[in-house]
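Secondary and tertiary structure notes
Chain residues, written in single-letter form:
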Amino acid sequence: MFKSRGCTQALRRAVAPCRTVPTPVATRSQARCYVHAAQRTDGASRGTQVITPSKSREEWQRQDAVLVRHLNDVFSPLKFPPELASRILTHASHPDAIRRHNGRLSFVGRRVLQSYLLMFIHSSPALRPDHDYELILERALNTYVLGEHVAPKWAIGKVLKWRPMNVGNFSQPLGPDVEVPSPLTNLERDNARGIGMYKVHGTTVEAVVGGIFHQFGGAVAHRLFHTRVLPNLLLEGSPQGLHFAYHDHAREICEKMGGPEGPLLR
């Protein structure tokens, strides 16, 4: 009897209507739908928060033009579309991220960097059996290391749209139209890490690589890696950056490609 009752209950559960469990993708889609719906809402009732773009179309175009100009200058002769430039140089912490941000491009860019570094290490005459691939990757491509040593070479801090944290009254959105508060211009290393600057800037370095890989192809991204990324990770006397055994080989490849300012297009 009890066995029969248990089977009946199991059958009932099996044929019961399945309850839909919201997935992260569905949740994000719902959020985007809400945002777009809120932006189209006119004359909302009092007390209802309506999400609307903070800039006119002309203001967006003017700001995008600044971002395009910066990337075109730093990575000449590449020509970045406005949509790509604004996505690369907008971090998710900034209010303008409601329009677009660099999260997906940084994800792609990090995988591109890892792939190129692994191929470099595997083909290098400096490779030894006791070298740990994972440790080498972690120390060379740590996001904080990219933000500290690569991002300044590309002057990312001048135009990146992001919001610092843990800085009290100075925690305001920054970008090309905002003057950086003086306390944030000459930060000590630990303080820069504390407000998230190296992390955000390093994420943007990854987004630049991801954006170039997406827009201009793997050959261009590969030359970018060997001429404008890896040479800035040769940190003498530091456990961070590229393993010292590979420094000479990295310099050799960089010189073969034209040096730190070598052409990105062939």
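Residues numbered from 1 in each chain as written. Predicted model: local features only at pLDDT ≥ 70, side-chain atom pairs only at ≥ 80, totals over all residues. Heavy atoms only, no water.

1. Description of the packing of aromatic side chains
- A full pass over the atoms with the stated rule returns five aromatic pairs.
- With a centroid separation of 5.0 Å and an interplanar angle of 80 degrees, the aromatic rings of Phe75 and Trp154 are classed as edge-to-face. Of the two residues, Phe75 is situated in the loop between α3 (57-74) and α4 (82-88) and Trp154 in the loop between α7 (143-149) and α8 (189-194); the sequence distance between them amounts to 79 residues. Each member of the pair, Phe75 as well as Trp154, carries the same accessibility label: buried. (Phe/Tyr/Trp six-rings, centres within 6.5 Å; stacked < 30°, edge-to-face > 60°. Helix = DSSP H or I, 4+ residues; strand = E, 2+ residues; numbered from the N terminus. Buried < 20%, exposed > 50% of the residue type's maximum accessible area, 1.4 Å probe, protein only.)

2. Thoughts on the nonpolar core
- Formed by 55 residues in total, the largest nonpolar core has its most connected members in Phe75, Phe80, Ile88, Leu117, Phe120, Trp154 and Ile212.
- Elements with a contribution of two residues or more to this core: α3, α4, α5 (103-123), α6 (133-140), α7, α9 (197-216), α10 (218-229) and α11 (247-256).
- The dominant element in this core, judged by the number of residues it contributes, is α9, at eight residues.
- Look past the residues within four positions of Phe75 in its chain and what remains in contact with it is Phe80, Trp154, Val208, Ile212, Leu224, Arg228 and Leu264. (Core = buried A, V, L, I, M, F, W, Y, C linked by side-chain atoms within 4.5 Å. Contact = heavy atoms within 4.5 Å.)

3. Digging into the environment of Gln215
- For Gln215, the position within the fold is in helix α9.
- The spatial distance from the C-alpha of Gln215 to the C-alpha of Pro81 is 8.9 Å, given a sequence separation of 134 residues.
- Among all residues touching Gln215, those that are not within four sequence positions of it are Pro81 and Leu84.

4. A few points about unusual backbone geometry
- Each neighbour pair has its own omega, and for Ser76 with Pro77 the value is 10 degrees, a cis peptide bond.
- Backbone geometry at Ala155 places phi at a positive 55 degrees, although glycine is not the residue there.
- Of note, Ala155 is situated in the loop between α7 and α8.
- Ala155 sits in the partly exposed class, given a relative accessible area of 21%.

5. Considerations on α6
- The set of residues buried in α6 consists of Ile136, Leu137 and Ala140. Viewed along the axis of α6, the buried residues span an arc of 95 degrees, placing them on a single side of the element.
- Of the surrounding elements, those touching the buried residues of α6 are α5 and α7.
- Two or three places before Glu134, at the opening of α6, Asp132 has a side-chain oxygen 3.0 Å from that residue's backbone nitrogen. (Arc of directions from axis to C-beta. Polar contact = N/O pair within 3.5 Å; in protein donor to acceptor, adjacent residues only side chain to side chain.)

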